[in-house]
Amino acid sequence: QVQLVESGGGLVQAGGSLRLSCAASGRTFNPYAMGWFRQVPGKSREFVAAISRSGGITYYAGSVKGRFTISRINATPLYLEMNSLKPEDTAVYYCAAAELAAVATSRSEYDYWGQGTQVTVSA
């Protein structure tokens, strides 16, 4: 089993920055494809960013492109650098790992999930 633990969330003013981290542990953690999702109450979990096994390919949701950067150091940890934050970025952010895909943007492709970290952006 693989365990994912997110950290780095918090309260920030609009226009500010945060960096989220995701540490993986458990059975041999190969460089899985990984991603970040977010969820607000009453809505489904939505894709934010993904990175390939090699780290050479990245994808972003349109709403965060140009403001967020996903990166990784080898297999773990995984990072999400968030700049120019907006109140609509407020959500619980989850990291996820996919065993089979080379890179994954769909929630259904991911096998392991963290518990989430709250990000709150005030106006």
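Scroll up to find the structure.
What counts as what
Residues numbered from 1 in each chain as written. Predicted model: local features only at pLDDT ≥ 70, side-chain atom pairs only at ≥ 80, totals over all residues. Heavy atoms only, no water. Helix = DSSP H or I, 4+ residues; strand = E, 2+ residues; numbered from the N terminus. Buried < 20%, exposed > 50% of the residue type's maximum accessible area, 1.4 Å probe, protein only. Contact = heavy atoms within 4.5 Å. Core = buried A, V, L, I, M, F, W, Y, C linked by side-chain atoms within 4.5 Å. Disulfide = S-S within 2.5 Å.

(A) Region of the structure containing the side chain of Ser52. In this structure, Ser52 sits in the loop between β5 (46-51) and β6 (58-60). Assessed through its relative accessible area of 4%, Ser52 is described here as buried. Those residues in contact with Ser52 that sit more than four places away from it in its chain are Ala33, Ile57, Arg72, Ala102 and Val103.

(B) Spotlight on the nonpolar core. Leu4, Trp36, Leu80, Met82 and Tyr93 are the most contacted members of the largest nonpolar core, which has 37 residues in total. For this core, the elements supplying multiple residues, two or more each, are β1 (2-7), β3 (18-26), β4 (33-39), β5, β7 (68-72), β8 (78-82), β9 (91-98) and β11 (117-122).

(C) Layout of unusual backbone geometry. Although it is not a glycine, Ser84 adopts a positive phi angle of roughly 50 degrees. Its place among the elements puts Ser84 in the loop between β8 and β9.

(D) Just the environment of Gln115, in detail. Mapped onto the secondary structure, Gln115 falls in the loop between β10 (112-113) and β11. Owing to a relative accessible area of 70%, Gln115 belongs among the exposed residues under this scheme. Taking the C-alpha atoms as reference, Gln115 lies 9.2 Å from Val92; in sequence the two are 23 residues apart. Those residues in contact with Gln115 that sit more than four places away from it in its chain are Leu4, Glu6 and Tyr94.

(E) Examining the state of the cysteines more closely. Overall, the coordinates contain one disulfide when judged by the stated rule. Here Cys22 pairs with Cys95 through a disulfide, and the sulfurs are 2.0 Å apart. Handedness of the Cys22-Cys95 disulfide follows from its S-S torsion of about 45 degrees: it is right-handed. Linking Cys22 in strand β3 with Cys95 in strand β9, this pair joins segments that are 73 residues apart in sequence. No difference in accessibility class separates Cys22 from Cys95, as the two residues are buried.

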